Amino acid sequence: MRFIFKTHYAQDIVLAKHGGHWFWYGALMLLLLAAPWLFAEYWLAQMTLVLIYSIAGLGIMLLAGFTGLFSMGHAAFLGVGAYTHAVLTNMGVPFPLALACAAALSALVGVVVGLPALRVKGIYLGIATLSFGFIVEEVLARWESVTGGNAGIHIKKPNLFGWVLESGDQFYYLCLVITVAATLGILNLLRTPTGRAFVAIRDSEISAQSMGIHLAYYKTLSFSLSAALAGVAGALYAHNLQFISPDQFNILQSIDLLLMIVIGGVGSVHGAFLGAIFLISMPQLISMTKDYLPAAVGQAPGLQAFVYGVVLIAFVLFEPMGLYGRWLKVRTYLQMFPFYRKGMFKRQKSFQKSDRLK
Amino acid sequence: MNPPLLSAQHLSVRFGGVLAVNDVSFDVQQGEVFTLIGPNGAGKTTVFNLISRIYTPTSGEIDYLGPQGMLKLTEQPPQNVASLGIARTFQNIELFEHASVLHNLLIGRHTHRSTGLWQDLFFTREAREAELASREKAEEVIDFLGLQHHRDSFVAGLPYGVRKVVELARALCTQPKLLLLDEPSSGLNVEETDDMAFWIQDIKNDLGITVLMVEHDMGLVSKVSDRVLAMNQGEVLAMGSPKEVQNDPRVVEAYLGTVDDVASLRRNTPDTAEAR
């Protein structure tokens with residue numbers, strides 16, 4: 001068991017709280033930096049995809065996990081980012097500029113979508129964002145002069161002011177840099193007043209307001225930041241596949257994104273990454289075990305959707321805090337061995353909170 | 001005489017057919033503890049919600065002596081109330097449950113934030129210094145209310161009595177001029193109520209904060225209040241020192257009823273039977 005002896009407020013603020021953080025996150029960074037030499041090309045491509053989904057996951061985590069606003073149409077932001085980036089890149093705009101434009105346009109759309117969030121909550125917000133997702137998908141399919149319609153468009157390789165990233169390794173590093181930057185940005189937000197305002201809105205709007213938090217401003221801000229991250233992820237997604245079409249940004253994609261953070265663990269930054277790893281590795285695992293299953297099960301259509309559904313239900317029932325919650329329990333068990341008690345993480349049910357002013 | 005810190009004039013609020021508050025006027029002087037009492041449903045909390053701008057009055061006005069002089073509180077948007085120096089607690093504790101006590105107090109510092117989104121995003125030197133400064137302020141409040149033990153615990157796991165104190169601490173973190181306490185002693189045991197009485201006196205005397213509270217515990221009320229306003233059915237019954245208000249016949253009637261009321265409830269006593 002580790003006890004941190006605090007002698008200065010700065011110890012509360014630093015990201016790496018103790019030597020263990022430095023060691024493990026340092027080791028993770030080294031592993032990620034060395035990945036192109038360690039892993040085969042196929043696995044590196046999978047890792048790139050994990051990084052891309054993590055960026056989108058961070059965005060939706062900020063919105064759903066920290067501000068308490070659920071978006072059922074997040075793939076639309078991914079789509080707006082992907083198409084903006086694709087169109088600009090094909091016009092010859094350098095990568096950083098096109099990426100910034102993709103993020104900015106997604107953020108702008110996020111503000112527009114965020115407006116209903118000022119009035120509706122919970123399931124109604126889910127419905128509003130869901131219909132927004134359909135609208136964007138339809139726009140992408142019909143606005144053929146720009147998006148190429150259902151035929152989709154191809155996108156050129158990323159071009160950093162004349163330096164074209166040809167290989168998968170280079171693109172992997174690009175994704176890694178952006179992921180690290182996004183993660184640091186989110187962590188910074190969460191330890192400053194902006195992030196605390198989001199958390200306040202999630203837990204009690206009424207008292208957030210009486211603490212002087214401008215609900216409309218912070219909800220809109222959360223939506224736009226979340227959308228901007230999704231836009232960035234969309235841009236990288238477009239490069240990754242080199243071809244995009246409207247059906248990649250449909251409701252299934254939105255549900256995948258939501259599923260990702262629920263399985264990862266709502267309300268934790270780690271959860272976005274764990275969820276992304278789960279989302280990308282699950283189909284691989286299923287296809288790997290397919291051969292060992294009886295043909296009637298292994299070759300059945302819809303096996304993947306079935307497993308996803310079962311896993312999601314299992315998580316909601318048995319581990320609402322997701323993979324990260326499970327990890328916390330394992331870690332506590334190891335730290336306290338042999339004093340871990342079974343009910344340690346059981347949350348006391350609160351009957352005192354009033355629903356009157358909600 | 002100094003101008004009052006807060007002055008409510010002819011406040012009325014109507015929810016559909018219910019007149020929850022009817023023509024209520026009162027002044028809160030600087031540096032006093034002013035208490036609203038009254039039976040359940042008297043409209044005390046509604047008055048609080050009018051002051052903290054959760055509701056808008058149907059008619060009437062609230063004047064408040066803000067940092068830049070007298071202003072009409074009823075024209076301010078709800079999120080501005082805190083930065084004008086009005087903090088409040090809630091009857092049914094509205095804390096940020098999935099955050100630590102320190103985190104809750106830091107949210108209370110929100111109106112004093114000096115950094116913008118971009119400074120926060122990149123955690124610039126200003127953001128870092130602002131963070132350290134606001135932690136220092138939060139620690140002062142933790143010291144004042146003796147919350148050291150609970151600093152890093154999550155609110156969701158704290159007992160009711162402690163949560164009440166955390167909510168008071170969060171309100172103090174906004175460095176208010178006027179503190180609204182909605183039933184500070186509800187759900188507390190006798191010792192905790194005594195502590196609360198001490199703190200309210202300290203808040204008034206040491207921190208110089210004006211307190212407006214709603215309270216049912218008459219022991220606490222007479223111990224700390226300078227003036228008391230009794231309400232019933234949305235109307236003002238009496239105003240004055242705690243003793244005067246307690247002895248006011250109309251207040252006694254509101255709480256206990258009159259002899260005539262009780263007589264009609266009496267059943268089958270010999271003389272009523274004869275009267276039939």
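These numbers were taken from a predicted model, which means no experiment stands behind them.

Engineer: Can you walk me through the interface of chain B and chain A in this structure?
Structural biologist: By a widespread convention, an interface's size corresponds to the accessible area lost as its parts come together. With 39 residues of chain B at the interface, the matching set in chain A holds 34 residues. Looking at the side of chain B that touches chain A, the elements that each hand over two or more residues are helix H2 (101–108), helix H3 (117–122) and helix H4 (125–145) of chain B. Counting residues per element, the side of chain B that touches chain A draws most heavily on H4(B), which supplies 6 residues. For the side of chain B that touches chain A, the per-class residue count stands at 18 nonpolar, 12 polar and 9 charged.

Engineer: Can you walk me through the nonpolar core in this structure?
Structural biologist: In a soluble, globular protein the nonpolar side chains are often hidden away together inside. Membership of the largest hydrophobic core comes to 161 residues, with the highest contact counts inside it found for A:Ile55, A:Leu229, A:Val232, A:Ala233 and B:Ala169. Viewed by domain, this core spans two of them, domain 1 (6–85 + 176–275) and domain 2 (97–162) of chain B, each represented by three or more residues. Look past the residues within four positions of A:Ala233 in its chain and what remains in contact with it is A:Ile52, A:Ile55, A:Ala56, A:Leu78 and A:Gly81.

Engineer: What should I look at first to understand the domain arrangement of chain B in this one?
Structural biologist: Residues and elements named next belong to chain B. What the domain assignment reports for chain B is domain 1 (6–85 + 176–275) and domain 2 (97–162). Averaged C-alpha coordinates put domain 1 and domain 2 at centres separated by 31 Å. Each side of the interface is counted separately: domain 1 has 6 residues, and domain 2 has 4 residues. Split into classes, the residues belonging to the side of domain 1 that touches domain 2 amount to 3 nonpolar, 2 polar and 1 charged.

Engineer: I would appreciate a short explanation of the sheet that holds strand E7 (residues 178–182) of chain B in the present structure.
Structural biologist: To summarise the sheet geometry, strands pair through backbone hydrogen bonds and adopt either a parallel or an antiparallel arrangement. All names here are of chain B. In spatial order, the strands read E6-E7-E8-E3-E9-E10; together these 6 strands make up an open sheet with mixed pairing. The strands lining the two open edges of the sheet, one partner per strand, are strand E6 (86–88) and strand E10 (235–240). For this sheet the average axis-to-axis angle between neighbouring strands, irrespective of direction, equals 15°. Across 4 bridges, the pairing between strand E3 (residues 33–37) and strand E8 (residues 210–214) is parallel. Among the inter-strand pairings, Val33 is bridged to a residue of E8, identified as Val211.

Engineer: Help me understand the pairing of strand E5 (residues 69–72) of chain B in this model?
Structural biologist: Remark: a regular strand shows side chains that alternate across the two faces of the sheet. All names here are of chain B. As paired elements, strand E4 (residues 59–66) and E5 share 4 bridges and run antiparallel to each other. Across the sheet, the residue bridging to Tyr64 is Leu71, located in E5. Once E4 ends, the chain turns through 2 residues before running back antiparallel as E5.

Engineer: Help me understand the packing of helix H8 (residues 168–190) of chain A against helix H11 (residues 215–241) of chain A in this model?
Structural biologist: Each pair of packed helices can be described by the angle between their axes along with the distance between the axes. Residues and elements named next belong to chain A. At a closest axis distance of 11 Å, the pairing of H8 and H11 adopts a crossing angle of 175°. With respect to their mutual orientation, H8 and H11 come out roughly antiparallel. In this structure, H8 uses Phe171, Cys175, Ile178 and Ala182 to contact H11, whose residues at the interface are Leu229, Val232, Leu236 and His239. Residues that form the contact of H8 with H11 fall into these classes: 7 nonpolar, 1 polar and no charged.

Reading guide: rules and limits
- Residues numbered from 1 in each chain as written.
- Chains lettered and ligands numbered in written order.
- Predicted model: local features only at pLDDT ≥ 70, side-chain atom pairs only at ≥ 80, totals over all residues.
- Contact = placed C-beta atoms within 7 Å.
- Helix = DSSP H or I, 4+ residues; strand = E, 2+ residues; numbered from the N terminus.
- Nonpolar A, V, L, I, M, F, W, Y, C, P; charged D, E, K, R; others polar.
- Core = buried A, V, L, I, M, F, W, Y, C linked by C-beta atoms within 7 Å.
- Buried ≥ 20, exposed ≤ 12 C-beta atoms within 10 Å, placed from the backbone.
- Domains from an automatic or database assignment.
- Pairing = 2+ DSSP bridges.
- Axes fitted to C-alpha atoms, helices over the stretch in contact; angles between N-to-C directions.
- Parallel < 35°, antiparallel > 145°, perpendicular 65-115°, else oblique.

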